[in-house]
Amino acid sequence: MANPSSPAGPQVPSPSPKQDIFELVFNFFASVKLGVGVMLACALFFALTTVFWQEPEVIVKNMGWVKTAIEVILVFLTLNLFAVTLSRYPWTRLKLGMLATHAGLIVTFCGAFITTVKGRDGLITLAEGEETDRYFNGRDVLSIRKMGPASQRRPAAYQDFPLALAGWSRDPARRIERELLDGTVVRVDRYYAKFRLEGEVAHNDAPGRSPAIHLTWRGGSSETNRWIPLGATRELTLNGSTLYFNYTQIEAALPFVVQLNDFRLRHYEGSGVPSSIESLVTVREAGKPGYERLISVNNPLEFPDKTWGVWKVTQNSYDRATQTASTFSVSYDPGRPVVYAGFLIVCAGVFFMFWIRPFLEKRVERAPE
Amino acid sequence: MTWQPLAGSCIAYALACGAFAIGIVRGSAKSRAAGFGLMCAGLAVHLTGAGMRTYAAERPPWSDLYETLVVTSLMCAVFGACFEAVFRSGYAAISSCFMAALGLLGASLLPLDFRTSGPLIPELRSHWLKYHVLSMICAYGAFSLAFGISVLQLWLHFIRKDDAVTRKLEDLNYRVVQIGFFCLTLGIILGAAWADAAWGRYWGWDPKEIWALVTWFLYGACIHGRMIGWCRGRRAAAASILGYAAAMFTFFGVNFLLGGLHSYANPT
């Protein structure tokens, strides 16, 4: 519409440099071409993570630059989705599918972000009769103890080292070496994520996750070595001096106590195939009576937290030798409901976009002017 | 002599393929009708075979590699028959019959250990098996059909230079990819819900999960690429073939080459 005060027609105010930059950035992110490029880049990057690393789940969680790269890609994708959605304003009924799909993906990414920031997870291993209110949170530590003076019967803390074990599987030549206070050197030569010992031979093919490190302790011309499974302590002696090496993970607190009462492994009749793996546990919260629950594969224990979230205890694995100890995965994830809400919106959006929108378009075309 | 329904359906699909080829080349409606009849017969026998397996094993027939291959072929044939019933061009039907026959042939060539029905391991004893795996099978079935159509499209483009038909095939390919993409989205989401129940997390960067996401991104790029004209004509067919390669790597490759928590393909 012409500006009545201007005989020469509409006077478009010249945009300020700030507006220019904003528009430029917005148009850059609102491009579908960029979206296609980001999707192809995501496909390539994620595919490569499985080619270069045997355990991408460990890498993504623990290897700094991979974690950052994924976060950058997801932020880029979120900005792209957000800008594309905004650029399609005004949102008519026909655009509802696109709007819902993009909004659903943004909600899902927000949920995943909450999971990354606020989520916690780890492992608990309990023998029958044992109880705990703590779990290993996945960060590996080599804890070394030394026998104190004769009056002290127990080994005392000597030195602790954090172990960066992510990415080891694809880089077998990797070593972690640390010098101890007495001048001797401790070296982690090998790391098996699925450690299994058959006689004297170590294998890396146990089901589930049962990590172990191979440690060499060197001083002068002599050295000694040993495999140390996660949670175990091994005594090593070198040149008459003894140290206790414990491969462990940092422990964190649970808001409840869990006690393993009974572990049951059932098999199909006449076959060695397991039919169910179950752990009967007692769960106790401070100041409240305990209750019994059966945890089995696909049937986790859920414990509502005082905050917005649920602790889940799932059956992970068990001690194959004795069949009297159970390993549970523990997780707390306040992002879970947000992610599921995002999933539902995405599904509804894709369905609308593919099959309702063409139907609506036909109706609009048929409608009289 | 034992009755082998899957071999029977494989032969029926192969014959249907021939009848559709004659129908398309000669423009004969009768040949196409005969092809559709043979295809339906093959489907009925295929369905009976899958039903017998379900009855014998007392569980859904998609718990190992052999079964998923058989049911993926079945879904491919079902989608092809549905598209043929609606569009009556013969192209969707010939592609689906070819892919279904190929799938059944592949399944029958697996070692006996893989074909023998075994009991379910505890990880698979969940109601999520029905929903998650079926969604993924529907996705793979649709993508198989889209792959068949894409190959046909490229063949017609380069050998017969028939642009009118290739445009039709491009449109058909897009519609099939839409079904596959929706089923894949649903399958990934249902898988996340199952992983949450079984392992306590909805996403764990397991190789199978990563490759399902790679497939999703590739088909997502293919769908968006069509909007901006990048995925039109030959490029649409090539993109669909690339997506199918990722889907097949998710289906087979991950189990045999990468391992991870989803390696249930090997016989127990």
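This is a predicted model, so every value here is computed, not measured.

The rules behind the values
Residues numbered from 1 in each chain as written. Chains lettered and ligands numbered in written order. Predicted model: local features only at pLDDT ≥ 70, side-chain atom pairs only at ≥ 80, totals over all residues. Heavy atoms only, no water. Helix = DSSP H or I, 4+ residues; strand = E, 2+ residues; numbered from the N terminus. Rg over C-alpha atoms; globule rule 2.2 N^0.38 Å. Buried < 20%, exposed > 50% of the residue type's maximum accessible area, 1.4 Å probe, protein only. Contact = heavy atoms within 4.5 Å. Areas by Shrake-Rupley, 256 points an atom, 1.4 Å probe, with all protein chains shown as cover. Lys, Arg positive; Asp, Glu negative; His and termini not counted. Charge placed at Lys NZ, Arg CZ, Asp CG, Glu CD. Expected span 1.5 Å × (residues − 1). 1 Å grid on protein atoms, 1.4 Å probe; cavity = no way out; pocket = protein on both sides within 12 Å on 5 of 7 lines; lining within 4 Å. Points joined across faces, edges and corners; volume = space filled by probe spheres on them. Nonpolar A, V, L, I, M, F, W, Y, C, P; charged D, E, K, R; others polar. Phe/Tyr/Trp six-rings, centres within 6.5 Å; stacked < 30°, edge-to-face > 60°. Lys NZ or Arg CZ within 6 Å of the ring centre and 35° of its normal. Salt bridge = Lys/Arg side-chain N within 4 Å of Asp/Glu carboxyl O. Pairing = 2+ DSSP bridges. Core = buried A, V, L, I, M, F, W, Y, C linked by side-chain atoms within 4.5 Å.

### Overview of the overall build of chain B
Link 1 in the chain: Of regular secondary structure, chain B possesses nine helices and zero strands.
Link 2 in the chain: When the helices and strands of chain B are listed from N to C terminus, the series reads α-α-α-α-α-α-α-α-α.
Link 3 in the chain: Taking 268 residues into account, the globule formula puts the C-alpha radius of gyration at 18 Å, and chain B, at 19 Å, falls close to it.
Link 4 in the chain: Summarising its shape, the C-alpha atoms of chain B cover approximately 55 × 55 × 30 Å along the three principal directions.
Link 5 in the chain: Here chain B, with 268 residues, has 60% of them falling under the buried criterion.
Link 6 in the chain: A sequence separation of at least 24 residues applies to 77% of the contacts in chain B between residues at least 6 apart.
Link 7 in the chain: A total accessible area of about 11200 Å² is found for chain B, and carbon and sulfur atoms account for 68% of it.
Link 8 in the chain: One way to put it: in chain B the 20 positive side-chain charges average out to a point 12 Å from where the 13 negative ones average out.

### As for helix H1 (residues 5-26) of chain B
Residues and elements named next belong to chain B.
Link 1 in the chain: Here H1 spans 31 Å end to end across 22 residues, near enough to the 32 Å set by a 1.5 Å rise per residue.
Link 2 in the chain: Listing the buried residues of H1 in full gives Pro 5, Leu 6, Ser 9, Cys 10, Ala 12, Tyr 13, Ala 16, Cys 17, Ala 19, Phe 20, Gly 23 and Ile 24.
Link 3 in the chain: Its buried side turned inward, H1 meets helix H2 (29-57), helix H3 (65-87) and helix H4 (91-108).

### Details of the layout of surface pockets
It is a probe the size of a water molecule, rolled over the atoms, that shows where empty space is left.
Link 1 in the chain: Estimates place the volume of the second largest pocket at around 1200 Å³.
Link 2 in the chain: If you go around the second largest pocket, you meet 43 residues; those closest to its centre are A:Met353, A:Phe354, A:Arg357, B:Tyr174 and B:Gln178.
Link 3 in the chain: Where the lining of the second largest pocket is concerned, the elements lending two or more residues are helix H2 (32-52), helix H4 (64-87), helix H5 (96-118) and helix H6 (336-366) of chain A together with H3, helix H7 (163-199) and helix H8 (207-227) of chain B.
Link 4 in the chain: Split by residue class, the lining of the second largest pocket holds 24 nonpolar, nine polar and ten charged.

### Things to note about the packing of aromatic side chains
Link 1 in the chain: A full pass over the atoms with the stated rule returns 32 aromatic pairs over all chains.
Link 2 in the chain: Consider the rings of B:Trp216 and B:Phe217, whose centres lie 5.6 Å apart with planes at 75 degrees: the pair is edge-to-face.
Link 3 in the chain: Taken together, the ring pairs in this structure connect A:Phe45, A:Phe46, A:Phe351, A:Phe354, A:Trp355, B:Phe181, B:Phe182, B:Trp203, B:Trp205, B:Trp216 and B:Phe217 into an aromatic cluster.
Link 4 in the chain: For the cation-ring pair, B:Arg226 lies above B:Tyr174, with the distance from its terminal atom to the ring centre recorded as 4.1 Å.

### As for the side chain of A:Asn80
Residue and element names in this part refer to chain A.
Link 1 in the chain: As for its placement among the helices and strands, Asn 80 is situated in helix H4.
Link 2 in the chain: On the basis of relative accessibility, which here comes to 4%, the residue Asn 80 falls in the buried class.
Link 3 in the chain: With residues up to four places along the chain from it excluded, the contact list for Asn 80 reads Phe 29, Ser 31, Leu 34 and Gly 35.

### Topic: the pattern of salt bridges
Residue and element names in this part refer to chain B.
Link 1 in the chain: Inspection of every chain in the model, using the stated rule, returns 21 salt bridges over all chains.
Link 2 in the chain: The partner of Asp 64 in a salt bridge is Arg 53, and the shortest N-O contact between them spans 3.8 Å. In this pair, Asp 64 is assigned in the loop between H2 and H3 and Arg 53 in helix H2, connecting sequence segments eleven residues apart.
Link 3 in the chain: Judged by its relative accessible area of 18%, Arg 53 is buried.
Link 4 in the chain: Across the pair Arg 226 and Asp 171 runs a salt bridge, and its minimum N-O distance is 3.7 Å. Placement of the pair is Arg 226 in helix H8 and Asp 171 in helix H7, with a sequence separation of 55 residues.
Link 5 in the chain: Given the relative accessible area of 14%, Arg 226 is considered buried.
Link 6 in the chain: Asp 171 gets classed as partly exposed once you look at its relative accessible area, which sits at 32%.
Link 7 in the chain: One salt-bridge network, held together by shared partners, links Glu 170, Asp 171, Arg 175, Arg 226 and Arg 232.

### What about the pairing of strand S10 (residues 233-238) of chain A?
Residues and elements named next belong to chain A.
Link 1 in the chain: Sheet topology places S10 next to strand S11 (residues 241-267); six bridges connect them, and they run antiparallel. Looking at the pairing, Leu 236 lines up with Leu 243 of S11.
Link 2 in the chain: With antiparallel pairing between neighbouring strands as the criterion, S10 and S11 make up a hairpin whose turn holds two residues, including Asn 239 at a positive phi of roughly 50 degrees.

### Some words on empty space enclosed by the protein
Residues and elements named next belong to chain B.
Link 1 in the chain: Tallying each qualifying case throughout the model produces four cavities of 30 Å³ or more.
Link 2 in the chain: Here the second largest cavity is characterised by a volume of approximately 70 Å³.
Link 3 in the chain: Along its surface, the second largest cavity is lined by Glu 170, Asn 173, Tyr 174, Val 177, Cys 222, Ile 223, Arg 226, Cys 231, Ala 236 and Ser 240.
Link 4 in the chain: Within the residue set of the lining of the second largest cavity, elements represented by two or more residues are H7, H8 and helix H9 (234-258).

### Side note on the nonpolar core
In globular proteins that are soluble, nonpolar side chains generally tend to be buried together.
Link 1 in the chain: Among the nonpolar cores identified, the biggest contains 110 residues, and A:Phe46, B:Tyr13, B:Tyr91, B:Leu169, B:Val214 and B:Phe217 are the most heavily contacted of them.
Link 2 in the chain: Residue contributions to this core peak at 14 residues, all from helix H6 (residues 128-160) of chain B.
Link 3 in the chain: Once residues lying within four places of it in the same chain are set aside, the contact partners of B:Tyr13 are B:Met39, B:Gly42, B:Leu43, B:His46, B:Ala77, B:Cys97, B:Ala100, B:Ala101 and B:Leu104.
Link 4 in the chain: A:Leu142, A:Phe161, A:Leu180 and A:Tyr191 belong to the second largest nonpolar core, which has 21 residues in total.

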